[in-house]
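# An overview of the molecular structure
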Amino acid sequence: MSLRIVVCVKYVPDATGDRHFAEDLTVDRDDVDGLLSELDEYAVEQALQIKEAADDAEVTVLTVGPEDANDALRKALSMGADKGIHVEDDDLHGTDALGTSLVLAKAVEKAGFDLVVCGMASTDGTMGVLPALLAERLNVPQVTQLSEVAVDGGKVTGRRDGDTASEQLEASLPAVVSVTDQSGEARYPSFKGIMAAKKKPVESWELDDLDIDADEVGLEGAWTAVDGAAERPARTAGTIVTDEGEGGKQLAEFLAGQKFI
Amino acid sequence: MAEVLVYVDHVDGAVRKPTLELLTLARRIGEPVAVHLGAGADTAVATLAEHGAVKVLAADAPEFAEYLVAPKVDALQAAYEAVSPVAVLLPSSAEGKEIGARLAVRIGSGIITDAVDLEAGDEGPVATQSVFAASFTTKSRVTTGTPVITVKPNSAAPEAAPAAGQVEQLAVTVADSSKGTKIVSRTPRESTGRPELTEAAIVVSGGRGVNGAENFPVIEALADSLGAAVGASRAAVDAGWYPHTNQVGQTGKSVSPQLYIAAGISGAIQHRAGMQTSKTIVAINKDAEAPIFDLVDYGVVGDLFNVVPALTEEVKTRKG
């Protein structure tokens, strides 16, 4: 039977753009260009490599987000994913991580899965909790923060590099995996891939399709609230000197003045 | 008084500094109750009590080391049910965030991660977060359930506040469903003898300008003269010059030391995200136009291979 891989991806505002908040203190998505979160490209890449190593596998890429999030799906499809699912609903605006994990879990279940692959974190919220939340909700093993991953004989194995130790992990499928930016460079879509992606199927699902009530998600359904957001004051301009042989000494002088030496 | 659960991060009972910071922050909200999982509770209890733990709930089971994350969630949930706390605090490590997230789902509570400060509020604890590559500061609250909050290292100065530190054994049953991910083997990281990157008061980082793994000893020598941790930019790590565990930036560690020294680092957004909340920032770079100079308190435009060794010598001389 075919190995069913679902990759969860997020459409995020470009981190190199001027990101800010909208009036309701959600992330402003209108004034900054959006794209597939860079860290999710690693997830797509590993999913494709697992597919290539398997006899028979299919990669579905799944996103929850506004209309433009379709761009993130198209990027993943042009890299080589087989089909897309876009969960889009006006009631989703302002959903927090717990709510998003509920929507993703229901969508993954509806799609059918043997392996869920996620990035290590999004580049906007940067919480890094979604994979663990999904594993909890789906009641399957959590095999996360992997810098190496492989699937063989109904098992997923991988290496998790932590602060104090490097661990070799193993779990039976179905499972939820997340991969880090150390897992291997993501491929660039080829021209052929980009053209092919235009013909690949993308399903559109709403909350009703997932049996989720509007009050379980969105800003009102969130279990956390942002009360205020303030731009960090720009750092005051410092002293800049050009090294003409004394740069090291001048720097030492500054550090001594600040009592670091 | 209301109790606050504090998840203890430790290595065989040696309590890591971020946990002491958590205990300090927890005292602003209530009475800290520490949860110590694994071996070494006997060793840890003195440190935990000294920093304000009124109670230490201890549990040791082989499953904590044999399976990833989930058994610890079972244990923390048992502690939650035993205590009925007003908040649960964990360190913002990869594991701390994963444990907190899964607990939040189980107890029907909201979660806030990566807080850099915490205060008591009329409607529960208020967390300060630094977002969008530290260009914004937000104030957030958990509105449903018992707040689960993970806190970044260096968010508070640990304060001694001796408390009873009464040890109680916590009964934990690890569910079969929590034994899904087996830890087949574990290779501990070799200690460099330098401070932990996220906990260090001073960090010295090298980037593309270091130009090769063979040149990183120049950065290490400066770090050692200052008693600092060593960091590296993504460019240096991707080039294979320094380990990923030392990467500072969006996909590595975020640090907030008293002093951050960037050598040969241009200061791309990816790097700034991980260091721009540092108290004092110093940079050495050949390129006077490098964006890192927009952040610095003091910058030297010059060749790091001249400036850094000269600085190292000067530091050694001054320190005698």
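Residues numbered from 1 in each chain as written. Chains lettered and ligands numbered in written order. Predicted model: local features only at pLDDT ≥ 70, side-chain atom pairs only at ≥ 80, totals over all residues.

### Some thoughts on the interface of chain A and chain B
With 63 residues of chain A at the contact, the number on the chain B side is 69 residues. Elements with a contribution of two residues or more to the side of chain A that touches chain B: helix H4 (130–138), strand S7 (142–152), strand S9 (165–172), strand S12 (224–231), strand S13 (239–242) and helix H7 (247–257) of chain A. Residue composition of the side of chain A that touches chain B, by class: 27 nonpolar, 21 polar and 15 charged. In the sheet, S12 of chain A pairs with strand S9 (residues 136–142) of chain B via 7 bridges, with the strands oriented antiparallel. In the sheet register, Ala 230 of chain A faces S9 of chain B, and the bridge partner there is Thr 137 of chain B. (Contact = placed C-beta atoms within 7 Å. Helix = DSSP H or I, 4+ residues; strand = E, 2+ residues; numbered from the N terminus. Nonpolar A, V, L, I, M, F, W, Y, C, P; charged D, E, K, R; others polar. Pairing = 2+ DSSP bridges.)

### Topic: the packing of helix H6 (residues 216–226) of chain B against helix H9 (residues 304–319) of chain B
Residues and elements named next belong to chain B. One way to put it is that H6 packs onto H9 with a least axis distance of 9 Å and a crossing angle of 25°. Relative to H9, the element H6 is oriented roughly parallel. In the packing of H6 onto H9, the handedness of the crossing is left-handed. Mapping the contact onto sequence places Val 218, Ile 219, Ala 221, Leu 222, Ser 225 and Leu 226 in H6 and Phe 305, Val 308, Pro 309, Leu 311, Thr 312, Val 315 and Lys 316 in H9. Grouping the amino acids of the contact of H6 with H9 by side-chain chemistry returns 10 nonpolar, 2 polar and 1 charged. (Axes fitted to C-alpha atoms, helices over the stretch in contact; angles between N-to-C directions. Parallel < 35°, antiparallel > 145°, perpendicular 65-115°, else oblique. Left-handed = near helix turned anticlockwise from the far one by under 90°.)

### Considering the UniProt feature "domain: Electron transfer flavoprotein alpha/beta-subunit N-terminal" (unreviewed entry) in chain A
The residues that UniProt annotates with the feature "domain: Electron transfer flavoprotein alpha/beta-subunit N-terminal" (unreviewed entry) are residues 24–214 of chain A. The span residues 24–214 of chain A is 30% helix and 29% strand, and its two end C-alpha atoms sit 18 Å from each other. (UniProt positions renumbered as here; feature names shortened; annotations may be inferred.)

### What about the domain arrangement of chain B?
All names here are of chain B. By the assigned domains, chain B splits into domain 1 (3–178) and domain 2 (202–319). Taking only C-alpha atoms, the centre of domain 1 and the centre of domain 2 are 32 Å apart. Taken together, the contact pairs 5 residues of domain 1 with 9 residues of domain 2. Residue composition of the side of domain 1 that touches domain 2, grouped by class: 2 nonpolar, 2 polar and 1 charged. (Domains from an automatic or database assignment.)

### A closer look at the environment of Asp 114 of chain B
With respect to the helices and strands, the residue Asp 114 of chain B is situated in strand S7 (residues 111–119). Not counting residues up to four positions away in its chain, the partners in contact with Asp 114 of chain B are Ser 92, Gln 129, Thr 150 and Lys 152 of chain B.

### With respect to the sheet that holds strand S15 (residues 259–263) of chain B
Across the sheet, 6 strands lie side by side as S13(A)-S17(B)-S16(B)-S15(B)-S13(B)-S14(B); this open sheet has parallel pairing. Only two strands of the sheet have a single partner each, and these edge strands are S13 of chain A together with strand S14 (229–232) of chain B. Between one strand and the next, the sheet's axes are offset by a mean angle of 15°, whatever the strand orientation. Examined bridge by bridge, S15 of chain B and strand S16 (residues 280–285) of chain B share 5 bridges and lie parallel to one another.

### Thoughts on unusual backbone geometry
Residue and element names in this part refer to chain A. The omega angle of the peptide bond from Leu 173 to Pro 174 is 0°, so this bond is cis rather than trans. You can see Pro 174 is positioned in the loop between S9 and strand S10 (175–179). Its identity as a non-glycine residue notwithstanding, Gln 145 has a phi of 60°, on the positive side. Turning to its location among the elements, Gln 145 is positioned in strand S7.

### Quick look at the nonpolar core
Of all hydrophobic cores here, the largest spans 129 residues; its most connected members are Val 7, Val 44, Ala 76, Val 116 and Val 177 of chain A together with Val 6 and Leu 89 of chain B. A total of 8 residues in this core trace back to one element, the largest contributor, which is helix H3 (residues 97–111) of chain A. If sequence neighbours within four positions are ignored, Val 177 of chain A has contacts with Leu 115, Val 116, Val 117, Val 143, Thr 144, Leu 146, Val 149, Val 156 and Gly 158 of chain A. (Core = buried A, V, L, I, M, F, W, Y, C linked by C-beta atoms within 7 Å. Buried ≥ 20, exposed ≤ 12 C-beta atoms within 10 Å, placed from the backbone.)

### Topic: the environment of Asp 91 of chain A
With respect to the secondary-structure elements, Asp 91 of chain A resides in the loop between strand S5 (83–87) and H3. Once residues lying within four places of it in the same chain are set aside, the contact partners of Asp 91 of chain A are Leu 207, Ala 214, Val 217 and Gly 218 of chain A.

### Remarks on helix H1 (residues 17–26) of chain B
Counted residue by residue, H1 of chain B has 9 buried out of 10 residues, so it is predominantly covered. Residues Pro 18, Thr 19, Leu 20, Glu 21, Leu 22, Leu 23, Thr 24, Leu 25 and Ala 26 of chain B constitute the buried set of H1 of chain B.

### Things to note about the packing of helix H4 (residues 70–83) of chain B against helix H5 (residues 94–107) of chain B
Between two packed helices, what matters for the description is the angle formed by their axes and the separation of those axes. Residue and element names in this part refer to chain B. Packing of H4 against H5 brings their axes to within 9 Å, and their N-to-C directions diverge by 50°. The angle between the axes of H4 and H5 places the two elements in the oblique class. In this structure, the crossing between H4 and H5 has a hand that is right-handed. Listed contacts from H5 to Lys 72, Val 73, Leu 76, Gln 77 and Tyr 80 of H4 are Ile 99, Arg 102, Leu 103, Arg 106 and Ile 107. Residues that form the contact of H4 with H5 fall into these classes: 6 nonpolar, 1 polar and 3 charged.

### Considering the pairing of strand S1 (residues 3–9) of chain A
Residues and elements named next belong to chain A. Most of S1 is tucked away: 5 of the 7 residues are buried. Of the strand pairs in this sheet, S1 and strand S4 (residues 57–64) are connected by 7 bridges, and their pairing is parallel. Bridge pairing links Ile 5 to Val 59 in S4. Where S1 lies against strand S6 (residues 115–119), 3 bridges are found, and the strand directions are parallel. Paired with Ile 5 across the bridge in S6 is Leu 115.

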